[in-house]
Amino acid sequence: MLKALRWVLFAVVVYFFILPLVPAFRGAVTELRQIDPVLLVAAIGLEFVALYCYTLLTHAALGAEAHRLTRFDLFRIQLSTRALGSVLPAGSAASNALAFRLITSSGIKKADAGFALATAGIGSAIILNVLLWIGLVVSIPLRGSSPVYGTAAVAGAVLMAIVAAIVFGLIDDKGRLQGMVRWIYDRIGRDGESAANLLEHLRDRIRGLVAERDVLRRVVLWGTTNWLLDLLALWLFLRAFGGSVSADALLVAFGLANVLASIPITPGGLGIVEGVYIPTLVGFGVPVATATVTVLSYRIAQYWLPIIVGGISYASLRAGAVAPVPTPQSRLGRLQSATRAGSEVRETKASWIEKNAPRDRTGMFPTPVYENTGEQPKQRPEPPDSSRG
């Protein structure tokens, strides 16, 4: 029922917000007199640099396990998952599941992969909300308030409150969150102890992240750089089409669009982002034609191009350096594999004894010699006793 409702909402957004923008985009292009191709190319390049900074954020969150996965391979993984999340309504769950499988297939532990993905997603959301609040603090005294401002601010505050509750629950020394999860899992017939152990591992990783200031600094640095480069790309698109807006107004429009895009209705906020950006920029004094072509060109680079590049990246992952995602086995197949592995004889008993038997370091006692084909030790002949002669 919930899945069907999401598809209905997606269709409504496409019909009322996406389709009307197509003729508006064509009309806006014909009206524009000034287009700077150099700025357009620079803006597109900045979008992919921003995506790579998000990869560096996730790589930093992997901590000691980061050496198992190169940054380029992780970049391809995240392009693949971004493409998947951009074609499915509420696609963040599917994209995170794909990222988890691809990262763990490279040899990284499941708990570490889950922690890195959660840290990157939550940390990025927190940084975005901080940027929005900075923009609001500067903009409201100068331009006044708006209902959209309040909606985005409340949504961001609720998100940050949820994140704070989860984090404090994880690092609680009394383990109340772990106990609750264990109880819930046991009640539904799942392995509650494994779930609790996973939460304890996440707790240790969070404490380690706070203690390792260098890792925390890199997480904050790359997360902030990711959003600022994305913001700079939007500004370059605006300048490429001859538009101009103040820094605080652009920051508010950017924060509003991206915070509201996190609502899981359409994939990648399709329709929502455009429906927030264009009227907000127009409200800040940008001409309608300039705002329309700026936002839609920006969304081509920020939304549509990564889908194409992500598909190519996933194809390269299937045949490239990162091991492909293993095909799930049935229970019978796993049992057969375990039986074959257990029945393989790798070493005879005699060879194991010969390799691991204690050695006499004094030379006073004869050392037994073992034949490779037998199981019984063969004693060396004792030398004749000269004292009896």
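Keep in mind that what you see is a predicted model, and the values were worked out from it rather than measured. (Residues numbered from 1 in each chain as written. Predicted model: local features only at pLDDT ≥ 70, side-chain atom pairs only at ≥ 80, totals over all residues. Heavy atoms only, no water.)

Chemist: What exactly am I supposed to notice about the overall build of the protein here?
Modeler: What the protein contains, in helices and strands, is 15 helices and two strands. Per-residue burial for the protein yields a buried fraction of 40% across its 389 residues. Taking all contacts inside the protein whose residues are at least 6 apart in sequence as the whole, residues at least 24 apart take part in 71%. Carbon and sulfur atoms form 65% of the exposed surface of the protein, whose accessible area is close to 22300 Å². (Helix = DSSP H or I, 4+ residues; strand = E, 2+ residues; numbered from the N terminus. Buried < 20%, exposed > 50% of the residue type's maximum accessible area, 1.4 Å probe, protein only. Contact = heavy atoms within 4.5 Å. Areas by Shrake-Rupley, 256 points an atom, 1.4 Å probe, with all protein chains shown as cover.)

Chemist: Honestly, helix H12 (residues 272–283) in this entry has me stumped. Any pointers?
Modeler: Each α-helix turn comprises 3.6 residues. Residues three or four places apart therefore point the same way. Here H12 spans 17 Å end to end across 12 residues, near enough to the 16 Å set by a 1.5 Å rise per residue. For H12, the complete set of buried residues consists of Ile272, Val273, Glu274, Val276, Tyr277, Ile278, Thr280 and Leu281. Directly beyond the C-terminal end of H12, a positive phi value near 105° is found at Gly285. (Expected span 1.5 Å × (residues − 1).)

Chemist: Sorry if this is basic, but what is going on with the packing of helix H3 (residues 37–61) against helix H10 (residues 213–240) here?
Modeler: Two numbers describe a pair of packed helices, the interaxial angle and the distance between the axes. Between H3 and H10, whose axes approach to 8 Å, the crossing angle comes to 165°. Classified by the angle between their axes, H3 and H10 sit roughly antiparallel to one another. Judged by the twist between their axes, the crossing of H3 over H10 is left-handed. (Axes fitted to C-alpha atoms, helices over the stretch in contact; angles between N-to-C directions. Parallel < 35°, antiparallel > 145°, perpendicular 65-115°, else oblique. Left-handed = near helix turned anticlockwise from the far one by under 90°.)

Chemist: How should I be thinking about the pattern of salt bridges in this particular structure?
Modeler: When the charged atoms of two side chains with opposite charge come close together, those side chains can pair. A full pass over the atoms with the stated rule returns two salt bridges. Arg299 is paired through a salt bridge with Glu274; the nearest N and O atoms lie 2.9 Å apart. Taken together, the residues Arg299 in helix H13 (residues 288–319) and Glu274 in helix H12 connect sequence positions 25 residues apart. Per residue, the accessibility class of Arg299 equals that of Glu274, and both read buried. (Salt bridge = Lys/Arg side-chain N within 4 Å of Asp/Glu carboxyl O.)

Chemist: Help me understand the packing of H3 against H13 in this model?
Modeler: Put simply, H3 and H13 touch, their axes get as near as 10 Å, and they point 60° apart. In terms of orientation, H3 and H13 fall into the oblique class. Crossing hand, H3 versus H13: right-handed. Note on element contacts: H13 touches H3 through Tyr298, Ala301, Gln302, Leu305, Pro306 and Val309, opposite Ile44, Glu47, Phe48 and Leu51.

Chemist: Explanation requested: the packing of aromatic side chains in the structure shown.
Modeler: The description of two aromatic rings rests on the distance between their centres and on the angle between their planes. Per the counting criterion, the structure on display carries five aromatic pairs. Ring geometry for Trp227 and Phe254: centres 5.8 Å apart, planes at 80°, overall edge-to-face. One end of the pair, Trp227, is in helix H10; the other, Phe254, is in helix H11 (residues 247–261), with 27 residues separating them in the sequence. For the residue pair Trp227 and Phe254, the accessibility class agrees, reading buried in each case. (Phe/Tyr/Trp six-rings, centres within 6.5 Å; stacked < 30°, edge-to-face > 60°.)

Chemist: How do you make sense of the confidence of the model for the protein when you look at a structure like this?
Modeler: Detailed reading of the predicted model is not advised wherever pLDDT is low. Averaged over all residues, the pLDDT of the protein equals 75, while 59% of them reach at least 70. Looking at the elements of the protein, mean pLDDT is at its lowest for helix H1 (residues 2–18), recorded as 50, and at its highest for H3, recorded as 93. Between residues 13–17, whose pLDDT stays under 50, and residues either more than four places distant or in other chains, the model counts 11 contacts. Segment residues 323–327: pLDDT under 50, and eight contacts once partners within four positions in sequence are set aside and those in other chains are kept. (pLDDT = per-residue confidence, 0-100.)

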